[in-house]
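Observations on the model geometry
One-letter residues, chain by chain:
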Amino acid sequence: MRYTLGSSSIGDLEKEYVRKVLDDNFISPGPVVQEVEKETARLHGMKHGLALNSGQSAIHVAIQAIAETRLKGRRPLVAVPACTYISTLAAAVLAGCDIVLVDVEVPSANMCPDSLKSVLNDAMLSGRPVDIVVPVHLFGKACSPRVFQVCKESDVWVVEDACESTFAPEMGKGHILTTSFFSNHLISAGGGGVIMTNDHALDHYCWKLINHGRSGRFGNDDIHQIADKFHFDEWGHSMKWSDVPAAIAKAQIERRDELYGARKRNAKAFNDNLKELEDTGLIQRPNTAGHTFMVYPIVLSDKLDANNIIRDLNDNGIEIRRMMPITNQPVVQNYFGGTLETEFPNAHRLNQQGFYVGVHPELTLHEIDAMSEIIKEAIAKEARGDNR
């Protein structure tokens, strides 16, 4: 038996909507993309939504738009968490910015408000203040509201990375919110992302960057000269999306109560089954309040050898991932010119002792119970010293 980390959960509604797009013989960005843009923005409480080809592209364009329209004349400094997927950092670097890391909280792995405040103060004293902060809402859980309070006090721009937490509560407090529809994410269309903002000017500039730097913005039914449509006044990207994956996303957004409900059901079963391990100090479980559970994260006690436990879980069919290690990645260490583990102790602990397993809708409660038993036995075996 193999217990997978993720599943796209393709049902009859997804197939129906994709067939309709194919039958209409129009697979470019069209009416379905526009529907997804509007509905995703509405459900996040934002005025504007722009769909594009990926979550990383969404973060990249959001940062680039702020840098080029609000921070002209300098190379922006962007603060990112020391525990996240590489896309968050890559987006900032490829948008022409420099980055600084902020330690995270345990067990959530989200940006630590106190560490952020320290980083912002140090940067100000150095003479090069942070311009943009990118809080990441990891694993389906929004970061602490205090992060946004710290950002407000320091008067910095905020681009939220919600690629793993689409429709989670307590988000959309920054200037731009981004999300992703990658295969293993909460809305899993095989790819795509959305940029959301309440700032009309930023929305328009992001649209230009997505569409090759095109100056005019026309609907599919607008009558205009070809020369007007192919007029470019900025250097832009080719990051448009398609109505085919948008049709899958549209169906999953409509099914979100069903899909998210299954994830929460599975996470609750894990929490109940693993409570004894936390009570005895062997693990830390996630805080379920406001959690949408893209995955189920677990942080092991420092007394346990995570490598032995992870090997045991893999051998018994549970697909796992480490908890978003960034500080030990070669490309990141090369960027900062050396090792980073001791500078970010919480991120280091999560790199060493954290991992996550699947809670996707295709997993049954019977399978969650079976996974729980495998996890409990692997941890008990390590705690007894059987692996020595």
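That block above? That's the structure.
Notes on the structure follow.

This part covers the nonpolar core. Judged by nonpolar contacts, the single largest core of 83 residues is most densely connected at Ile63, Val78, Ile132, Ile195 and Trp241. Of all the elements, helix H3 (residues 55–70) adds the most residues to this core, at seven residues. Discounting residues that sit within four places of it in the chain, Trp241 has contacts with Pro29, Val33, Val36, Ala51, Leu52, Asn53, Phe181, Ala189, Gly191, Gly192, Ala246 and Ala249. In terms of nonpolar packing, the next biggest core, distinct from the first, is built from 29 residues, Phe270, Leu274, Leu363 and Ile379 among them.

Right, let's talk about the sheet that holds strand E1 (residues 48–52) for a bit. The strand order across the open sheet formed by seven strands is E1-E7-E6-E5-E4-E2-E3, and the pairing between neighbours is mixed. Only two strands of the sheet have a single neighbouring strand rather than two, namely E1 and strand E3 (98–102). One ladder, built from five bridges, connects E1 with strand E7 (residues 193–197); its direction is antiparallel. When the bridges of E7 are listed, Leu52 appears paired with Gly193. Along the sheet face, helix H5 (residues 113–126) touches strand E2 (77–81), E3 and strand E4 (132–133) and points at about 140 degrees away from the line of E3.

Bringing the packing of aromatic side chains into the picture now. Per the stated rule, a full pass over the model turns up six aromatic pairs. Taking the centre distance of 5.8 Å and the plane angle of 35 degrees together, the rings of Phe181 and Trp241 count as tilted. A residue pair is termed long-range when its members are at least 10 positions apart, and Phe181 in the loop between strand E6 (176–180) and E7 and Trp241 in the loop between helix H8 (226–229) and helix H9 (243–254) qualify at 60 residues. For the pair formed by Phe181 and Trp241, the shared burial category is buried. Here the aromatic rings of Phe293 and Tyr296 are separated by 6.1 Å at their centres, their planes lie at 15 degrees, and the arrangement is stacked. Residue classification places Phe293 among the buried positions, given a relative accessible area of 2%. Following the ring pairs from residue to residue traces out a cluster consisting of Phe270, Phe293 and Tyr296. The cationic tip of Arg214 hangs over the ring face of Phe230; the distance from NZ or CZ to the ring centre is 5.2 Å. It is Lys250 that lies over the ring of Tyr17; its NZ or CZ is 4.5 Å from the centre.

Next up on the list: a nonpolar patch on the surface. Residues Val93, Tyr335 and Phe336 make up a contiguous nonpolar surface patch of about 220 Å² in total accessible area. Its location among the elements puts Phe336 in helix H13 (residues 330–336).

Scoring rules and cut-offs
Residues numbered from 1 in each chain as written. Predicted model: local features only at pLDDT ≥ 70, side-chain atom pairs only at ≥ 80, totals over all residues. Heavy atoms only, no water. Core = buried A, V, L, I, M, F, W, Y, C linked by side-chain atoms within 4.5 Å. Buried < 20%, exposed > 50% of the residue type's maximum accessible area, 1.4 Å probe, protein only. Helix = DSSP H or I, 4+ residues; strand = E, 2+ residues; numbered from the N terminus. Contact = heavy atoms within 4.5 Å. Pairing = 2+ DSSP bridges. Axes fitted to C-alpha atoms, helices over the stretch in contact; angles between N-to-C directions. Phe/Tyr/Trp six-rings, centres within 6.5 Å; stacked < 30°, edge-to-face > 60°. Lys NZ or Arg CZ within 6 Å of the ring centre and 35° of its normal. Patch = residues over 30% accessible without salt bridge, like charges linked within 9 Å, V, L, I, M, F, W, Y side chains within 5 Å. Areas by Shrake-Rupley, 256 points an atom, 1.4 Å probe, with all protein chains shown as cover. Salt bridge = Lys/Arg side-chain N within 4 Å of Asp/Glu carboxyl O.

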